[in-house]
Amino acid sequence: MTSEIIVQTAEELIELGVTLGSLLRGGETIELVGDIGAGKTTLTKGLARGMEIAEEVQSPTFTLSRVYDAPNGRRLAHYDFYRLNNAGIMQAELAEAVQDAQTVTVIEWAAVVGDVLPDDTLRIAIRVQADDTRRLELEAGGKCSKHIVQELMK
(Lines give C-alpha, C1' and ligand atoms only; values in the text may rest on other atoms or scores of the structure.)
Protein backbone atom coordinates (compact mmCIF):
# COMPACT_ATOMS: atom_id res chain seq x y z
CA MET A 1 0.00 0.00 0.00
CA THR A 2 1.50 3.32 -1.08
CA SER A 3 -0.07 6.74 -0.59
CA GLU A 4 1.06 10.27 -1.39
CA ILE A 5 0.79 13.56 0.47
CA ILE A 6 1.98 16.98 -0.72
CA VAL A 7 2.96 19.61 1.85
CA GLN A 8 3.55 23.24 0.93
CA THR A 9 5.60 24.47 3.91
CA ALA A 10 7.74 23.31 6.82
CA GLU A 11 4.82 24.16 9.10
CA GLU A 12 2.57 21.78 7.15
CA LEU A 13 5.26 19.09 7.43
CA ILE A 14 5.34 19.58 11.20
CA GLU A 15 1.53 19.45 11.38
CA LEU A 16 1.55 16.20 9.40
CA GLY A 17 4.07 14.89 11.93
CA VAL A 18 1.80 15.97 14.80
CA THR A 19 -1.08 14.03 13.26
CA LEU A 20 1.13 11.01 12.69
CA GLY A 21 2.51 11.14 16.22
CA SER A 22 -1.00 11.28 17.69
CA LEU A 23 -1.77 7.96 15.96
CA LEU A 24 1.20 6.09 17.43
CA ARG A 25 0.81 3.89 20.49
CA GLY A 26 4.30 2.37 20.76
CA GLY A 27 5.96 -0.47 18.91
CA GLU A 28 5.84 1.25 15.51
CA THR A 29 8.88 1.59 13.25
CA ILE A 30 9.15 4.43 10.75
CA GLU A 31 11.88 4.71 8.13
CA LEU A 32 12.44 8.21 6.76
CA VAL A 33 14.04 8.51 3.32
CA GLY A 34 15.15 11.72 1.65
CA ASP A 35 18.09 13.84 0.70
CA ILE A 36 19.81 16.10 3.21
CA GLY A 37 17.45 18.99 3.95
CA ALA A 38 14.35 17.15 2.71
CA GLY A 39 12.61 17.48 6.08
CA LYS A 40 13.17 14.16 7.87
CA THR A 41 14.01 15.74 11.22
CA THR A 42 11.32 18.40 10.75
CA LEU A 43 8.73 15.65 10.34
CA THR A 44 10.14 13.91 13.44
CA LYS A 45 9.78 17.14 15.44
CA GLY A 46 6.08 17.17 14.62
CA LEU A 47 5.77 13.47 15.38
CA ALA A 48 7.26 14.10 18.84
CA ARG A 49 4.74 16.90 19.46
CA GLY A 50 1.94 14.54 18.45
CA MET A 51 3.26 12.05 21.02
CA GLU A 52 3.10 14.88 23.61
CA ILE A 53 6.88 14.97 24.06
CA ALA A 54 7.82 18.28 25.67
CA GLU A 55 11.54 18.15 24.82
CA GLU A 56 12.68 19.76 21.55
CA VAL A 57 13.77 17.12 19.04
CA GLN A 58 17.28 17.61 17.68
CA SER A 59 18.91 15.89 14.73
CA PRO A 60 20.88 12.82 15.82
CA THR A 61 23.29 13.14 12.88
CA PHE A 62 26.36 13.44 15.10
CA THR A 63 25.16 11.43 18.10
CA LEU A 64 23.55 8.67 15.95
CA SER A 65 20.60 8.33 18.31
CA ARG A 66 18.44 10.29 20.70
CA VAL A 67 15.67 9.01 22.95
CA TYR A 68 12.78 11.14 24.19
CA ASP A 69 10.28 10.23 26.89
CA ALA A 70 6.57 10.58 26.18
CA PRO A 71 3.63 10.30 28.57
CA ASN A 72 2.30 6.88 29.58
CA GLY A 73 5.75 5.26 29.53
CA ARG A 74 6.21 5.58 25.77
CA ARG A 75 9.47 6.65 24.14
CA LEU A 76 10.60 8.02 20.81
CA ALA A 77 13.93 6.59 19.63
CA HIS A 78 15.30 8.68 16.75
CA TYR A 79 18.26 7.29 14.77
CA ASP A 80 20.33 8.82 11.99
CA PHE A 81 22.82 6.49 10.30
CA TYR A 82 23.99 8.93 7.63
CA ARG A 83 27.61 8.79 8.79
CA LEU A 84 27.83 5.00 9.17
CA ASN A 85 29.17 2.52 6.65
CA ASN A 86 28.74 -0.30 9.15
CA ALA A 87 26.13 -0.25 11.89
CA GLY A 88 28.26 -2.18 14.38
CA ILE A 89 26.92 -1.98 17.92
CA MET A 90 24.19 0.45 16.83
CA GLN A 91 22.54 -2.45 15.02
CA ALA A 92 22.03 -4.26 18.34
CA GLU A 93 20.64 -1.11 19.96
CA LEU A 94 18.23 -0.59 17.06
CA ALA A 95 17.13 -4.23 17.15
CA GLU A 96 16.25 -3.81 20.81
CA ALA A 97 14.33 -0.56 20.18
CA VAL A 98 12.19 -1.96 17.35
CA GLN A 99 11.16 -4.90 19.54
CA ASP A 100 10.08 -2.68 22.46
CA ALA A 101 6.30 -2.29 22.55
CA GLN A 102 6.61 1.11 24.31
CA THR A 103 9.04 2.63 21.80
CA VAL A 104 8.26 4.40 18.54
CA THR A 105 11.41 4.03 16.43
CA VAL A 106 12.25 6.53 13.67
CA ILE A 107 15.26 5.82 11.45
CA GLU A 108 16.92 8.13 8.95
CA TRP A 109 19.40 6.66 6.42
CA ALA A 110 18.39 3.09 7.30
CA ALA A 111 20.15 1.24 4.45
CA VAL A 112 22.99 0.13 6.74
CA VAL A 113 20.49 -1.51 9.15
CA GLY A 114 17.81 -2.65 6.71
CA ASP A 115 18.03 -6.27 7.85
CA VAL A 116 17.03 -5.24 11.40
CA LEU A 117 13.85 -3.40 10.41
CA PRO A 118 10.62 -5.32 10.96
CA ASP A 119 8.43 -6.16 7.98
CA ASP A 120 5.72 -3.89 9.39
CA THR A 121 7.68 -0.68 8.89
CA LEU A 122 6.11 2.54 7.65
CA ARG A 123 8.49 3.95 5.02
CA ILE A 124 8.10 7.65 4.29
CA ALA A 125 10.08 9.01 1.36
CA ILE A 126 10.27 12.81 1.30
CA ARG A 127 11.04 14.35 -2.09
CA VAL A 128 11.69 18.06 -2.55
CA GLN A 129 9.87 19.32 -5.64
CA ALA A 130 11.00 22.08 -8.04
CA ASP A 131 8.60 24.54 -6.36
CA ASP A 132 10.09 23.66 -2.92
CA THR A 133 7.01 21.72 -1.81
CA ARG A 134 7.51 18.23 -0.40
CA ARG A 135 5.98 15.07 -1.84
CA LEU A 136 5.74 12.33 0.76
CA GLU A 137 5.31 8.75 -0.40
CA LEU A 138 4.04 6.53 2.40
CA GLU A 139 4.59 2.81 2.00
CA ALA A 140 3.04 0.49 4.56
CA GLY A 141 4.80 -2.79 5.19
CA GLY A 142 2.17 -4.50 7.30
CA LYS A 143 -1.12 -4.35 9.15
CA CYS A 144 -0.16 -1.72 11.75
CA SER A 145 1.49 0.64 9.29
CA LYS A 146 -1.41 0.21 6.84
CA HIS A 147 -3.80 1.30 9.57
CA ILE A 148 -1.65 4.37 10.29
CA VAL A 149 -1.59 5.36 6.60
CA GLN A 150 -5.36 4.91 6.33
CA GLU A 151 -5.88 7.18 9.33
CA LEU A 152 -3.47 9.80 7.94
CA MET A 153 -5.28 9.86 4.60
CA LYS A 154 -8.69 10.63 6.15
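Residues numbered from 1 in each chain as written. Predicted model: local features only at pLDDT ≥ 70, side-chain atom pairs only at ≥ 80, totals over all residues. Heavy atoms only, no water.

Student: In this structure, what is going on with the environment of Ala110? I would like to understand it.
Tutor: As for its placement among the helices and strands, Ala110 is situated in the loop between strand E5 (103-108) and strand E6 (121-128). On the accessibility criterion, Ala110 (4% relative accessible area) is buried. For the pair Ala110 and Thr19, spaced 91 residues apart in the sequence, the C-alpha separation amounts to 23 Å. Filtering out sequence-adjacent residues up to four positions away, Ala110 remains in contact with Glu31 and Leu117. (Helix = DSSP H or I, 4+ residues; strand = E, 2+ residues; numbered from the N terminus. Buried < 20%, exposed > 50% of the residue type's maximum accessible area, 1.4 Å probe, protein only. Contact = heavy atoms within 4.5 Å.)

Student: Honestly, the environment of Leu47 in this entry has me stumped. Any pointers?
Tutor: Checked against the element boundaries, Leu47 lands in helix H2 (residues 40-50). On the basis of relative accessibility, which here comes to 2%, the residue Leu47 falls in the buried class. Residues Leu47 and Ile6, 41 residues apart in the sequence, show an inter-C-alpha distance of 17 Å. With residues near it in sequence (within four places) discarded, Leu47 still touches Gly17, Val18, Leu20, Gly21, Leu24, Ile30, Leu76, Val104 and Val106.

Student: Would you mind going over empty space enclosed by the protein with me for this structure?
Tutor: Taken as a whole and judged by the stated rule, the model has one cavity of 30 Å³ or more. There is about 30 Å³ of room inside the largest cavity. In terms of lining residues, the largest cavity is bounded by Glu28, Thr29, Ile30, Asp120, Thr121, Leu122, Cys144, Ser145 and Ile148. Contributing elements (two or more residues each) for the lining of the largest cavity: strand E2 (29-33), E6 and helix H4 (143-152). Along the lines of polarity and charge, the residues of the lining of the largest cavity split into four nonpolar, three polar and two charged. (1 Å grid on protein atoms, 1.4 Å probe; cavity = no way out; pocket = protein on both sides within 12 Å on 5 of 7 lines; lining within 4 Å. Points joined across faces, edges and corners; volume = space filled by probe spheres on them. Nonpolar A, V, L, I, M, F, W, Y, C, P; charged D, E, K, R; others polar.)

Student: Mind showing me how you'd approach the sheet that holds strand E3 (residues 65-69) here?
Tutor: For sheets, the rule is that strands pair by backbone hydrogen bonds, running either parallel or antiparallel. Strands sit in the order E1-E7-E6-E2-E5-E4-E3 across an open sheet of seven strands; the sheet is mixed. The two strands at the open ends of the sheet, each matched to only one other strand, are strand E1 (2-7) and E3. In this sheet, adjacent strand axes meet at a mean angle of 20° when their direction is disregarded. Bridge analysis of E6 against strand E7 (residues 134-140) gives seven bridges, and the strand direction is antiparallel. Bridge assignment links Ile126 to a residue of E7, and that residue is Leu136. Here H2 sits on the sheet in contact with E2, strand E4 (75-80), E5, E6 and E7, set at roughly 170° to E5. (Pairing = 2+ DSSP bridges. Axes fitted to C-alpha atoms, helices over the stretch in contact; angles between N-to-C directions.)

Student: Can you help me understand the layout of surface pockets in this one?
Tutor: The gaps of empty space that remain are located by a probe, the size of a water molecule, rolled over the atoms. Quantified by volume, the largest pocket comes out at close to 180 Å³. Lining the largest pocket are Ile36, Gly37, Ala38, Gly39, Lys40, Thr41, Ser59, Thr61, Asp80, Tyr82, Glu108 and Trp109. In terms of residue class, the lining of the largest pocket is made up of four nonpolar, five polar and three charged.

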